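Listed below are the residues making up each chain.
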Amino acid sequence: MSPLDDEAWDAWSPCELGQRLRGATFPWYVAGGWALDVWHGTQTRPHEDLEFVVLRKDANHVRAILHDVDFFTVKDGAIEYLPPSADLPSDVWQLWGADRRQGCWRVDLMMEPGTPDLWIYKRDHTVRMARSDAVRVSQAGIPYLAPIIVLLFKAKHCREKDRNDFDFCRKRLSTQERYQLSAWLKALHPGHDWIEKCDPAKE
């Protein structure tokens, strides 16, 4: 089965995904820009996709629940069909879900290390915390990644949308959150433009 065009996205909203995963007993959460908008309580900008994350061991459970989409592995720029009967390859950490009837991608599923109780930053395993601190739950019941962690991910590429997301978020962060994000940036992205902007005294 050939993949859809890379740009053929018409992603579900976090609420639509939440409805489909409402009976899930494993940890999952919305990530990326949508996680920030779940935190804001409103959509602040268009989103090309919908990123959500599960523990690697739970990926097959997600595939079984979301059986109405066809999953494709995404690795090193290659997108390949993953039959429902096939196990997740050991070197794959990302899957795209395709709605073939509508001709569009619906979800971007990513796997993470860690445990049901421990969240681990996949880019540097020394950054870790209790999952209860890393993942929040909205009033609508949607689990989402804490804003400072989303911003840490965004700091690496720092595209225009990432800079806009940071500027829109930073004044809503608590003083403690801003100091924590600053510490991570100093350790992982020395000299990053956001470090000074995280300083509450710079307002």
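These remarks concern the structure in this document. Computed from a predicted model, the values in this text were never measured in an experiment.

So, about the nonpolar core. Counting 57 residues, the largest nonpolar core has Leu17, Phe52, Leu66, Trp119, Ile149 and Leu181 as the members making the most contacts within it. Of all the elements, helix α5 (residues 147-157) adds the most residues to this core, at 7 residues. Counting 9 residues, the second largest nonpolar core, distinct from the first, contains Leu4, Ile79, Trp96 and Trp105.

In total, this model carries 9 aromatic pairs according to the counting rule given. With centroids separated by 5.2 Å and ring planes inclined at 75°, the aromatic side chains of Trp9 and Trp96 adopt a geometry described as edge-to-face. One end of the pair, Trp9, is in the segment before α1 (14-20); the other, Trp96, is in strand β5 (residues 94-99), with 87 residues separating them in the sequence. Overall, the relative accessible area of 12% leaves Trp96 in the buried class. Between Trp28 and Phe52, the ring centres sit 6.3 Å apart and the planes meet at 90°, which makes this aromatic pair edge-to-face. Linking Trp28 in strand β1 (residues 28-30) with Phe52 in strand β2 (residues 51-55), this pair joins segments that are 24 residues apart in sequence. Classification of Phe52 by relative accessible area gives buried; the value is 0%. Members of the aromatic cluster, joined through ring pairs, are Trp9, Phe72, Tyr81, Trp96 and Trp105. It is Arg56 that lies over the ring of Trp93; its NZ or CZ is 4.6 Å from the centre. When the ring centre of Trp39 is taken as origin, the NZ or CZ atom of Arg172, which lies over that ring, is 4.1 Å away.

On to the packing of α5 against helix α6 (residues 160-169), then. Close contact between α5 and α6 brings their axes to 9 Å; oriented N to C, the two are set at 145°. As α5 runs across α6, the sense of the crossing is left-handed. Side by side, α5 and α6 meet where Leu151, Lys154 and His157 of the first sit next to Asp162, Asp165, Phe166 and Cys169 of the second. In the contact of α5 with α6, the residues fall into 3 nonpolar, 1 polar and 3 charged.

With that settled, the discussion passes to the pairing of strand β4 (residues 78-81). By the bridge criterion, 4 bridges tie strand β3 (residues 70-75) to β4 in an arrangement that is antiparallel. Note that in β4 the partner of Phe72 across the bridge is Tyr81. In textbook terms, the turn of a hairpin is the stretch between consecutive antiparallel strands, and for β3 and β4 this stretch comprises 2 residues, one of which, Asp76, has a positive phi near 50°.

Time to look at helix α7 (residues 175-188). The α-helix advances 3.6 residues per turn, and as a result positions three or four apart in sequence lie on the same side. Over its 14 residues, α7 extends 20 Å from the first C-alpha to the last, a length consistent with the 20 Å expected when each residue adds 1.5 Å. Taken as a whole, α7 has its buried residues at Glu177, Arg178, Leu181, Ser182, Trp184 and Leu185. Summarising the axial view, the buried residues of α7 lie within an arc of 165°, below the 170-degree limit, and thus occupy one face. Projecting away from the buried face of α7 at angles above 90 degrees are the exposed residues Gln176, Tyr179, Lys186 and Ala187.

The next thing to look at is the side chain of His189. Topologically, His189 is positioned in the loop between α7 and α8 (193-197). When near neighbours in sequence (up to four residues on either side) are disregarded, His189 contacts Leu152, Ala155, Lys156, Trp184 and Ile195.

Turning our eyes to something else, we now look at the state of the cysteines. Counted by the stated rule, this structure contains 0 disulfides. With no disulfide partner, Cys158 has as its closest neighbouring cysteine sulfur the one in Cys198, 11 Å distant.

On to the environment of Ala11. Tracing the backbone shows Ala11 in the segment before α1. Each C-alpha atom, one on Ala11 and one on Gln43, is 14 Å from the other, the two residues being 32 residues apart in sequence. Apart from the residues lying within four places of it in its own chain, the contact partners of Ala11 are Glu16, Asp49, Leu50, Trp105 and Arg106.

What counts, and where the lines are drawn
Residues numbered from 1 in each chain as written. Predicted model: local features only at pLDDT ≥ 70, side-chain atom pairs only at ≥ 80, totals over all residues. Heavy atoms only, no water. Core = buried A, V, L, I, M, F, W, Y, C linked by side-chain atoms within 4.5 Å. Buried < 20%, exposed > 50% of the residue type's maximum accessible area, 1.4 Å probe, protein only. Helix = DSSP H or I, 4+ residues; strand = E, 2+ residues; numbered from the N terminus. Phe/Tyr/Trp six-rings, centres within 6.5 Å; stacked < 30°, edge-to-face > 60°. Lys NZ or Arg CZ within 6 Å of the ring centre and 35° of its normal. Axes fitted to C-alpha atoms, helices over the stretch in contact; angles between N-to-C directions. Left-handed = near helix turned anticlockwise from the far one by under 90°. Contact = heavy atoms within 4.5 Å. Nonpolar A, V, L, I, M, F, W, Y, C, P; charged D, E, K, R; others polar. Pairing = 2+ DSSP bridges. Expected span 1.5 Å × (residues − 1). Arc of directions from axis to C-beta. Disulfide = S-S within 2.5 Å.

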